[in-house]
Amino acid sequence: MHTLKEVKIASQYRSTTDGMRFLTSTVSLLKETKTQYINLGFARVKPVAEKCSDLPLADQATCNTRGYSFERLANAVSVIKTSIPDIIIGGSVSSEFLNPECRNEETGEAFTKDQTWNMALDPGKWGIPTTKEDFQTSVAVSHGWAVQGQPYDPKNQMLYYFPDQSNADYQKLFLSWVKRQIDYGITSILIDINTKQARLMAQLTGDVNHISVKAALAAASEIVDDIHNYGVEVISWATDILLSSSFAMKNLDAVMTTPSTQEIETLTMDDVKWNAYILAIKQQLGNVPIFVMFDQGPDYRPLEAFGQKLTIDQANQFLRIIDSFCKAKGMVFIYPIHGGIMGSAPAVKSYGTYNWYDSLAPEFNTYDTIKQLAQATIPSVNIGDDIHSYRITGVTTDRFYTTPLSGATLTTAGLVANTMVAIPFITPNTINLDEIAINITAGTAGASSTRLGIYIDNGNLYPGSLILDAGTVDSSAAGGGGVKTIIINQKLIKSTLYWLVAVSDGTPGLRAASIAATLPILGYPNTLPTTPGVGYAPAFIFAPLPDPFPAGANTISTNIPLIYVRLLT
């Protein structure tokens, strides 16, 4: 089975149990997109029936349509796992919604409204001068269930109470909801907003170190540890981590983020914002996987913006934008194949009927783009474990690596001004790079710069999305020759084909490989000449590297200038 750290391709299918299509068709979609992790494969919001037939007759039709039963979950997991044994099927549960009347889904014990009200959060427990009723009413107002200033009885009117994670009875109840999903085959759990209680207490007290905040964080962390004891991984939202390092959950296996509605509506990702997000997450949690999904809900959320505000062409364009952006940042975009509600009353519905986003519905028609992007994530070439698996790592400056070569003595070759050079670089193992370099054997007369970078393959032995624009080195004669390096911090994923690139505004000579020393990765043209294809060289006026790689590049069949990288780990 995969782990979340190994996942390159994630898809949302909420829920695998619903009646939108036959399970065999669902499996076909997951296999076509090479999905390794299903986000929200099952999402618990309210009590789950063992079987839809156990419910009152009036509720059975809705239960069957949504597949909201453990019987349907068990069947879906069985069918999917039979065809895709290693796939991670994600379940979810919310830490902010406590059903007034619910049950322990392991033991079947039912809880009355009086019992669950005792599990609802009361700030007075820690001496905070806010009544339980006032706090719960404020939660109801924030969700649109009540109107500020109007009379409201939260115990009897709230759709869901806001629970107290530090309440031992609630913890047992919450873990029963998780454990039941795991019993039926769910292999990871998304906890929706695991630190929201801590954040609300910090807002209420104005003190992130208040005893109520610490109690909430300790309880949230304990719940994650308890779920780990069941043998599954845990994901939660990074939202609160971005507000304060105090809310960082150090024991999470992955975190979830979302683009904003503004980014979706403008078809533009905010690079400055995301750089800050990624830095904050990595500073607090280390190299934890970051997943990016379209958040969804009854109020205006990103999935509604994507499904309701964009035309079909714009939606397909944004999928390409966000997918390329996430890959360049080392994040995993969750492809929205199916599911998630698009607000409370969407004008555009899937197949004219369902308030669930579906990429195959004619109203949206994004599946072909999703399939193309997903299939390009993992190249079709079978790299395997070869000699390039055995690379020395560390911080020594005398071990650099480049395109696959035979080991023959190197030669020299010049760059052509305003022409990019791309050479293949394979990664049988996941590696982290700390430098990219070239060796200048003859500088350009006058001012000259050479820009270096990395692209990921598009799945068809051609550079695709930009992974790294490392910047420039001085390639002028006055700047002196020899090794020119740029410090980078770039992770490359195992079993993947990348392309190292260089482009100059001058004509510097570089250390190069002879055509005879280079592996013929691009084969021979149909004229079957004496030299194979070993790289690409598109025309490109010197500038920051484009994304994606320019189309229609010429194939290199001569000595190729070499770009090198150094492995940190």
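Structure: see above.
(A) Here's a closer look at the overall build of the protein. Looking only at helices and strands, the protein features 15 helices and 24 strands. Against the globule reference of 25 Å for 569 residues, the protein gives a C-alpha radius of gyration of 27 Å, in line with a compact fold. Projected onto its principal axes, the C-alpha coordinates of the protein cover approximately 80 × 50 × 40 Å. Considering the protein as a whole, with its 569 residues, one finds that 55% of them fall into the buried category. Excluding contacts between residues fewer than 6 apart, the proportion of contacts in the protein whose partners are at least 24 apart in sequence is 75%. For the protein, the exposed surface amounts to about 23500 Å²; the carbon and sulfur share of it is 52%.

(B) Quick look at the state of the cysteines. Applying the stated criterion across every chain yields a total of one disulfide. Here Cys52 connects covalently by a disulfide to Cys63, the sulfurs 2.1 Å from one another. When the S-S torsion is -75°, as for the bridge of Cys52 with Cys63, the disulfide is left-handed. Here Cys52 is found in the loop between β2 (37-44) and α2 (57-66), whereas its partner Cys63 is found in helix α2, with eleven residues between them in sequence. The residues Cys52 and Cys63 share a single accessibility class, namely buried.

(C) Geometry of the pairing of strand β24 (residues 564-567). Neither face of β24 is left uncovered, since the one carrying Tyr564 and Arg566 and the one carrying Val565 and Leu567 both have all their residues buried. Where strand β12 (residues 400-401) and β24 come together, two bridges link them in antiparallel fashion. Each bridged residue has a counterpart across the sheet, and for Phe400 the counterpart in β24 is Arg566. Of the pairings in the sheet, the one linking strand β15 (residues 431-442) to β24 comprises four bridges and is antiparallel in character. By the bridge assignment, Leu433 is partnered in β24 with Leu567.

(D) Summary view of the pattern of salt bridges. Counted under the stated rule, the structure contains 17 salt bridges. Residue Asp434 pairs with Arg566 through a salt bridge whose shortest N-O separation is 2.7 Å. Highlighted residues: Asp434 in strand β15 and Arg566 in strand β24, separated in sequence by 132 residues. Of the two residues examined, Asp434 and Arg566, each falls in the buried class.

(E) Main features of the environment of Lys46. Topologically, Lys46 is positioned in the loop between β2 and α2. Here the alpha-carbon distance between Lys46 and Trp177, two residues 131 residues apart in the chain, equals 9.8 Å. In this structure Lys46 touches Tyr68, Asn99, Glu105 and Tyr160, once residues within four positions along its chain are discounted.

(F) Structural context of unusual backbone geometry. Of note, the bond from Arg14 into Ser15 is cis; its omega dihedral lies within 30 degrees of zero at 5°. Between Asp547 and the following residue, Pro548, the backbone shows a cis peptide bond with an omega angle of 5°. Phi angles above zero are rare outside glycine, and Lys34 is one such case at about 55°. Position of Lys34 among the secondary structure elements: in the loop between α1 (23-32) and β2. Although it is not a glycine, Leu40 adopts a positive phi angle of roughly 55°. Position of Leu40 among the secondary structure elements: in strand β2.

(G) A look at α1. Residues of α1 that are buried include every one of Leu23, Thr26, Val27, Leu29 and Leu30, and no others. Around the axis of α1, the buried residues are gathered within 160° of arc, so they sit on the same side. Against the buried residues of α1 lie β1 (10-14), β2, α3 (70-83), β10 (332-341) and α15 (367-377). Looking one or two places after α1, you find Lys34, whose phi comes out positive at around 55°.

(H) The nonpolar core, seen in detail. Within the largest apolar cluster, 97 residues are counted, with the highest numbers of intra-cluster contacts made by Ile227, Val255, Phe294, Phe306 and Phe318. Ile227 has contacts with Leu175, Val178, Ile189, Ile191, Val232 and Val234, leaving out every residue within four places of it along the chain. Within the second largest apolar cluster, 35 residues are counted, among which are Leu415, Ala513, Ile556 and Ile563.

(I) Broad picture of the pairing of β2. Burial within β2 is extensive, with eight of its eight residues counted as buried. Where β1 lies against β2, three bridges are found, and the strand directions are parallel. In the strand pairing of β2, Gln12 is matched with Asn39. Taken together, the five bridges between β2 and strand β3 (residues 88-94) define a ladder with parallel strand orientation. Residue pairing across strands places Ala43 opposite Ser92, the latter belonging to β3.

(J) Seen up close, the environment of Asn167. By secondary structure assignment, the location of Asn167 is in the loop between α6 (154-157) and α7 (168-183). Excluding anything up to four places from it in sequence, Asn167 contacts Asn118, Met119 and Lys125. A polar contact of 3.0 Å, which involves the side chain of Asn167, links it to the backbone nitrogen of Tyr170.

(K) Structural context of the packing of aromatic side chains. Applying the stated rule across the entire model yields 25 aromatic pairs. Relative to Phe325, the ring of Trp274 lies with its centre 6.2 Å away and its plane at 70°, an arrangement referred to as edge-to-face. Remark: Phe325 occurs in helix α14 (residues 312-329) and Trp274 occurs in helix α12 (residues 271-285); sequence separation between them is 51 residues. The exposure class of Phe325 is buried, given its relative accessible area of 13%. Centroid distance Trp499 to Tyr536: 5.3 Å. Interplanar angle 55°. Geometry classified as tilted. On the criterion of sequence distance, the pair formed by Trp499 in strand β19 (residues 496-504) and Tyr536 in strand β21 (residues 535-537) is long-range, its members being 37 residues apart. Of the two residues, Trp499 and Tyr536, both sit in the buried class. Feature note: the residues Phe294, Phe306, Phe318, Phe333, Tyr335, Tyr357 and Phe364 constitute an aromatic cluster, connected by ring pairs.

(L) Broad picture of the packing of helix α8 (residues 196-205) against helix α9 (residues 211-228). The interhelical angle for the contact between α8 and α9, taken along N-to-C directions, is 175°, at an axis separation of 8 Å. As summarised for this structure, α8 and α9 are arranged roughly antiparallel, according to the angle between their axes. Contacts from Gln197, Ala198, Met201, Ala202 and Thr205 in α8 reach Ser212, Val213, Ala216 and Leu217 in α9. Looking at the contact of α8 with α9, its residues break down into six nonpolar, three polar and no charged.

The rules behind the values
Residues numbered from 1 in each chain as written. Predicted model: local features only at pLDDT ≥ 70, side-chain atom pairs only at ≥ 80, totals over all residues. Heavy atoms only, no water. Helix = DSSP H or I, 4+ residues; strand = E, 2+ residues; numbered from the N terminus. Rg over C-alpha atoms; globule rule 2.2 N^0.38 Å. Buried < 20%, exposed > 50% of the residue type's maximum accessible area, 1.4 Å probe, protein only. Contact = heavy atoms within 4.5 Å. Areas by Shrake-Rupley, 256 points an atom, 1.4 Å probe, with all protein chains shown as cover. Disulfide = S-S within 2.5 Å. Pairing = 2+ DSSP bridges. Salt bridge = Lys/Arg side-chain N within 4 Å of Asp/Glu carboxyl O. Arc of directions from axis to C-beta. Core = buried A, V, L, I, M, F, W, Y, C linked by side-chain atoms within 4.5 Å. Polar contact = N/O pair within 3.5 Å; in protein donor to acceptor, adjacent residues only side chain to side chain. Phe/Tyr/Trp six-rings, centres within 6.5 Å; stacked < 30°, edge-to-face > 60°. Axes fitted to C-alpha atoms, helices over the stretch in contact; angles between N-to-C directions. Parallel < 35°, antiparallel > 145°, perpendicular 65-115°, else oblique. Nonpolar A, V, L, I, M, F, W, Y, C, P; charged D, E, K, R; others polar.

Note that every value here comes from positions in space, so none of it alone points to a role or purpose.
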